[in-house]
Amino acid sequence: MRIVSSMNINDHFTSHHLSLAEPTSTMATTSFPPLLESETDTAEGEEVIYRELLTSHLITRLATQGWLFITPLVLIRFTGGHLIGAAVWGLTTMLATAMLNPGLGAWADQTDRCLVVTLGVAAQAVAVLGATAVLAFALQDSAENNWLALFAFIGFSVVEKLGVTLSDVAVKREWAPRLFAGERLKRTNSMMSQIDLISETVGPFVAGLLITPSLGLLPSEVVGFLAVGFLNVLSFPPQLLLLRRIYAARKHQLQPLNAAEVQRKANPLTPKGGAWSAWFHHPSSIQFLGISYSVLYLTVLSPHGAFLTAHLAQRQVPLYQLSLLRGAGALCGISGLLAHPPAVQLVGHRSADGVFVVWLAAFSVFALLAFDQAPDSGLTLPLLIFMVSVCLARPGLYGFELGVLNTEQELSDARHRSAIGAVDSALTSLATLVMYASGLVWGRPDDFGFLVCCSTVFVSSGAVIYLTWMLLYHSHRHRHDEVHCHEDGQDGQDGHGHSHPDEKHTHTLQQEEALTDGWHEHIHFHRPNMCAVQ
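Since the model is a prediction, treat every value here as computed from it, not as a measurement.

J.: Would you take a moment to explain helix α18 (residues 448-472) for this structure?
T.: Residues three or four positions apart in an α-helix share a direction because the helix packs 3.6 residues into each turn. Taking 1.5 Å of rise per residue, 25 residues should cover 36 Å, and α18 covers 36 Å from first to last C-alpha, within 8% of that figure. Turning to α18, its buried residues number three or more, namely Phe-448, Leu-451, Val-452, Ser-455, Thr-456, Val-459, Gly-462, Ala-463, Tyr-466, Trp-469 and Met-470.

J.: When you look at the confidence of the model for the protein chain in this model, what are you seeing that I'm missing?
T.: Detail in the predicted coordinates should be disregarded across regions flagged by low pLDDT. The predicted model of the protein chain has a mean per-residue pLDDT of 77, with 74% of residues at 70 or higher. When pLDDT is averaged over each helix and strand of the protein chain, the minimum, 36, is found for helix α2 (residues 25-29) and the maximum, 95, for helix α14 (residues 349-373). Contacts from residues 482-499, a stretch scored under 50 in pLDDT, to residues over four places away or in other chains number 38 contacts.

J.: Explain the side chain of Asp-168 to me, please; I cannot follow it from the model alone.
T.: Relative to the helices and strands, Asp-168 resides in helix α6 (residues 147-179). No salt bridge is formed by the buried Asp-168. Its closest oppositely charged neighbour is Arg-61, at 4.5 Å. Discounting residues that sit within four places of it in the chain, Asp-168 has contacts with His-57, Arg-61 and Arg-173.

J.: Explain the nonpolar core here, please?
T.: Soluble globular proteins tend to bury their nonpolar side chains together. Counting 34 residues, the largest nonpolar core has Leu-289, Leu-296, Leu-360, Phe-400, Tyr-466 and Trp-469 as the members making the most contacts within it. Listed by contribution, the elements that provide at least two residues to this core are α10 (275-280), α11 (286-294), α13 (319-347), α14, α16 (394-411), α17 (417-441) and α18. Each residue touching Tyr-466, except ones within four places of it in the same chain, is listed here: Leu-289, Ser-292, Arg-350, Asp-353, Gly-354, Val-357 and Phe-400. By size, the runner-up hydrophobic cluster in this structure holds 26 residues, among which are Phe-78, Trp-89, Ala-125 and Val-134.

J.: Would you mind showing me how to read the packing of aromatic side chains here?
T.: Pairs of aromatic rings are described using the distance from one ring centre to the other and the angle between the two planes. What the rule picks out here adds up to 14 aromatic pairs. Relative to Tyr-247, the ring of Trp-175 lies with its centre 6.4 Å away and its plane at 35°, an arrangement referred to as tilted. Residue Trp-175 is found in helix α6, and its partner Tyr-247 is found in helix α8 (residues 220-249); the two are separated by 72 residues along the sequence. Among the residues examined, Tyr-247 registers a relative accessible area of 5% and is labelled buried. Ring geometry for Trp-442 versus Phe-450: centroids 5.1 Å apart, planes at 50°, classification tilted. Under the relative-accessibility criterion, Phe-450 is labelled partly exposed at 40%. Within the aromatic cluster, the residues linked to one another by ring pairs are Trp-359, Phe-363 and Phe-366. Between the NZ or CZ atom of Arg-184 and the centre of the ring of Tyr-50, over which it lies, the distance is 4.8 Å. Above the plane of the ring of Trp-469 lies Arg-350, whose end atom (NZ or CZ) is 4.7 Å from the centre.

Basis of the calculations
Residues numbered from 1 in each chain as written. Predicted model: local features only at pLDDT ≥ 70, side-chain atom pairs only at ≥ 80, totals over all residues. Heavy atoms only, no water. Helix = DSSP H or I, 4+ residues; strand = E, 2+ residues; numbered from the N terminus. Expected span 1.5 Å × (residues − 1). Buried < 20%, exposed > 50% of the residue type's maximum accessible area, 1.4 Å probe, protein only. pLDDT = per-residue confidence, 0-100. Contact = heavy atoms within 4.5 Å. Lys, Arg positive; Asp, Glu negative; His and termini not counted. Salt bridge = Lys/Arg side-chain N within 4 Å of Asp/Glu carboxyl O. Core = buried A, V, L, I, M, F, W, Y, C linked by side-chain atoms within 4.5 Å. Phe/Tyr/Trp six-rings, centres within 6.5 Å; stacked < 30°, edge-to-face > 60°. Lys NZ or Arg CZ within 6 Å of the ring centre and 35° of its normal.

Given below as structure tokens:
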């Protein structure tokens, strides 16, 4: 079974085809220089935009990961050396993201794309400068606990988190599928995911190098935080410049639908509402994808996770081995991203994604079985098998993540892409919030085995949810009229093409515009059969 490709995104947002060789008024009036002196070479222009977009994403992720690594070390100073500051920071930022992201996504869908990314980057800049100022003032206070400084720092961290999410969702979920299509889009998604993984290792490593052992008056972690903050501030101008250059060159592709057009093209079967409503009523049961991926965050089985790192340290695993665990997890994740395209060519994209998520669940079970046999301390053979299994599960996670991103970009309604992406981000934030809370409730070393068991159950549940979607929803060519006929125009019961007499299932904007003489092809509910997983 194949899924019909979305039509050219340019057709959705322009009344006629715009050629790169044809000058447009929007290009002529922009104040930003184009990426190329001549844009007659479409392939060359697209390649430049591709590199610029990835460079901007790399700058963003490196700065963010360095910030996330150094921040908990500084928060300890606000609470007299206790971990409660870091715990409150993590819970607050995740809760704020879960609550505010959907509204931001719905707003971004109806707002100028350049303004969205500009505000996202500006929010990050204000937050980093504000948090650095809070730390500077807190250093002048000799009190052991400085709760006012802690809450001010957390407030700026929330702003920074929302800014990162706003710009990240805009670029990944909105810009990429409008700028690219087909294999180029899938390649862009894969490269962004690889950048995310590399940044998870390189960002903290660079931040760790900036924590100098002694600089006289200031503690080492403070020096490192100030250095990371300074580098963060320096990263914002080039990041924003690259995005605005892309916007200047492809402004006609990045325009939102105006209010009148949104109203005219609104789906009458979908209730009006915000981002959650758009997500909940979205066709093709895209909700299965978001839920199956978000429950994978309900796990402590992450090589770079704080809970796993702390527990292994309690078991007297050497620090250098913990570093190797983190690096091995990142490398295994990259192998999953590289294996995804060949797997898609071999078995199809939905089946490939199913294989990856089952792989993840299987190695999570192996990790649970090994952990159950491990003694309480030391790096024994069962504990080593546990650590290896955790790493070997990463190809499944990141291969599945890439597949879900590709599928959601294809299925998401062009009117609600940012909203759908923001809801997905909120779901993963809620899952992370639950994990923080579980660490507070079951925080003793003896309780970690229970957390490992729960993690395995949730990861396996994610696999089951995705496989259920594969069985219940698949794509075939059909028509919407009252004549029961097939793709070849003959009556009968054989084949995939069929009509939907008097049936009113909802469509995305792309699916509506793909109708030709009443025929089109898209994913929708169908009784389970052997073709559903092909």
